[in-house]
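# A structural walkthrough
Here is what each chain is made of, one letter per residue.
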Amino acid sequence: MAFAVPVWLAVQEEMLGSFEPEEEQDGAPPCFDNFSDEALFEKFHLSRPCIAFILDSVGTHMKTVDSTKRHTSVDVMLMIALNYYAHGAFSSSVAGNTWMSQTGNLNSVVKTISGVLAAMCKTFISFPLTAEARSRTASQIEEFCGIPNVLGVLAPAHFKIRASPYDKTSFKSFINALGYTSVVSQFICDSEGNILSVEKCCVGSSFEQEMWETSFKGKEVENEQHGPFWFIGGKGYHLSKHVLTPVLEPSTDGDIRFNKAHAKIHNVMEVTIGSMKRRFKCLMQLGFADETSLNTKANIIKACCMLHNIAKKFSVPLPGNNTAAVHETPYPGKQHLSPVEVSTEALEVRRQLIEKNFSVAKHPDPVETSVSKQSMMHWCRKMYWD
């Protein structure tokens, strides 16, 4: 759910309360003042006002952290962590500014800050909980793609890791459907690429349908806590009362038009994950992992999701000269060996939705009508089955 910057600033003020920083700060914190605006963005992939906002928020939350866990001041710890998130490694110029050069100490700082940011996720990763918020989110999605009553895009987000091939059982569990070792989290985003929910951190071979069914958000949705809304799901999910999947064998113009609308909104998630990995290069390779280290990886993923949302509120551009959208490779979904029986009721509800909203008579599209049905069928198959 998208909030304007003034709203976030109001949230910050409420969070800070009577907190007074140890030093009077004007703009960015002193340790970041050693860098020009250009160097600041190059090192952290964030703007100065954005970093100042993050520091104030983290500083408030760090008051609850045992002081024995602090390695140095909050601003220095944050600088180390932000540099790691941006590059997946520690820049010598940043480490030099912190008087900390030992990798073990730096990794410990990242672990601490990641835990703090993950604990703050509920403030900055906000699922639409009120009727008004749900209606607004669904209206924005319908305006974007034409599918009504959708609260968000549901998808697995895979992040590469290294796993020891000597532990054959553990190594195999990390191999995903694309053939590389990864951990996977469950994401939900809106039509603007804001992350509404992130939970779980599982081995890469996990079935996304099972992740959804056992997740907090999945259970809430199935228990009707969020009303009669859909979530857009890809290949790895089953069509159900609340998860809307594409038509596997489109036979009408309405099916084809619906699949195209489904692909359009689903593409937002692919761009969102791709953009996150471009801004936070640590997500391109999360290092070594075993099943006992998943919580540490989960905190880093949640931290980057929270920072992604904040960066969007401050309109911070992505790093690099290429301004084109960054697409994550579409994940094919992990398929069960035995066929899944789809609810006839869910099939009928989807059919009615398509008939009402995507029939040619009701929604003529001059672009689509100029393309042959055969070409559109080929496009849909390419998108969902190849």
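Residues numbered from 1 in each chain as written. Predicted model: local features only at pLDDT ≥ 70, side-chain atom pairs only at ≥ 80, totals over all residues. Heavy atoms only, no water.

The number of helices and strands found in the protein is 16 helices and five strands. Looking at the 386 residues of the protein, the share that counts as buried comes to 51%. At a minimum sequence separation of 6, the contacts of the protein that also span at least 24 residues come to 71%. Summed over all atoms, the accessible surface of the protein reaches about 18,700 Å², with 53% contributed by carbon and sulfur. (Helix = DSSP H or I, 4+ residues; strand = E, 2+ residues; numbered from the N terminus. Buried < 20%, exposed > 50% of the residue type's maximum accessible area, 1.4 Å probe, protein only. Contact = heavy atoms within 4.5 Å. Areas by Shrake-Rupley, 256 points an atom, 1.4 Å probe, with all protein chains shown as cover.)

All right, on to the sheet that holds strand β1 (residues 150-160) then. With mixed pairing, the five strands of this open sheet are ordered in space as β3-β2-β1-β4-β5. Where the open sheet ends on each side, the last strands, each with one partner, are β3 (195-203) and β5 (243-244). Pairing between β1 and strand β4 (residues 230-232): three bridges, direction parallel. Each residue of the ladder has a partner; that of V150, found in β4, is W230. (Pairing = 2+ DSSP bridges.)

Further remarks concern helix α4 (residues 74-87). Taking 1.5 Å per residue, 14 residues should reach 20 Å; α4 reaches 20 Å between its end C-alpha atoms and fits that length. Counting buried positions along α4 yields 13 of 14 residues, so the element is predominantly enclosed. Within two residues after α4, G88 carries a phi angle of roughly 70°, on the positive side. (Expected span 1.5 Å × (residues − 1).)

Let us look at the packing of helix α12 (residues 253-279) against helix α14 (residues 344-357). Packing of α12 against α14 leaves a shortest axis separation of 9 Å and a crossing angle of 95°. For the element pair α12 / α14, the angle class is roughly perpendicular. Facing G254, D255 and F258 of α12, the residues of α14 in contact are R350, L353 and I354. Looking at the contact of α12 with α14 residue by residue, the classes come out as three nonpolar, one polar and two charged. (Axes fitted to C-alpha atoms, helices over the stretch in contact; angles between N-to-C directions. Parallel < 35°, antiparallel > 145°, perpendicular 65-115°, else oblique. Nonpolar A, V, L, I, M, F, W, Y, C, P; charged D, E, K, R; others polar.)

To continue, consider the nonpolar core. Formed by 86 residues in total, the largest nonpolar core has its most connected members in Y85, I147, F187 and I301. Core analysis: the next-biggest nonpolar cluster, separate from the first, contains twelve residues, L151, W212, F229 and V243 among them. (Core = buried A, V, L, I, M, F, W, Y, C linked by side-chain atoms within 4.5 Å.)

Turning our eyes to something else, we now look at the environment of I161. Turning to its location among the elements, I161 is positioned in the loop between β1 and α9 (168-173). Setting aside anything within four residues of it in sequence, one finds I161 in contact with F174, T181, S182, V183, Q285, L286, G287 and A289.

We now examine the pattern of salt bridges. A side chain of one charge can pair with a side chain of the opposite charge when the charged atoms of the two come close. Evaluation of the coordinates by the stated rule reveals nine salt bridges. Between E132 and R136 there is a salt bridge, and its shortest N-O distance comes to 3.9 Å. One end of the pair, E132, and the other, R136, are both in helix α8 (residues 131-145), four residues apart, so they sit about a helical turn from each other. Overall, the relative accessible area of 32% leaves R136 in the partly exposed class. We note a salt bridge from E220 to K217, for which the minimum N-O separation is 3.2 Å. With E220 and K217 both in helix α11 (residues 216-222) and three residues apart, this pair spans about one turn of that helix. Look at K217 and you get buried, because its relative accessible area is 11%. Beyond isolated ion pairs, a larger network of salt bridges with shared partners links D33, D37 and R48. (Salt bridge = Lys/Arg side-chain N within 4 Å of Asp/Glu carboxyl O.)

What follows concerns the confidence of the model for the protein. Taken over all residues, the pLDDT of the protein has a mean of 84, while the share at 70 or more is 80%. Below pLDDT 50 for its whole length, residues 1-26 participates in 44 contacts with residues either more than four positions away or in separate chains. Counting contacts from residues 366-386, a segment whose pLDDT is below 50, to residues more than four positions away or on other chains yields 30 contacts. (pLDDT = per-residue confidence, 0-100.)

Among all positions of helix α2 (residues 37-44), only L40, K43 and F44 are buried. Along α2, the residues classed as buried sweep out an arc of 75° about the axis, all on the same side. The first or second residue beyond α2 is H45, which carries a positive phi of 60°. (Arc of directions from axis to C-beta.)

Right, let's get into the pairing of strand β2 (residues 182-189). With eight of eight residues buried, β2 is to be regarded as a mostly interior element. Every second residue of β2 is oriented toward a common face, with S182, V184, Q186 and I188 on one face and V183, S185, F187 and C189 on the other, all of them buried. Judged from the eight bridges that link them, β1 and β2 form a sheet pairing that is antiparallel. When the bridges of β2 are listed, P156 appears paired with Q186. As judged from the six bridges shared by β2 and β3, these two strands associate in the antiparallel manner. When the bridges of β3 are listed, Q186 appears paired with E199.

Another point: the pairing of β3. Counting buried positions along β3 gives eight out of nine residues, so the element sits mostly inside the fold. Connecting β2 to the next strand, β3, in antiparallel fashion are five residues, including G193 with a positive phi near 85°.

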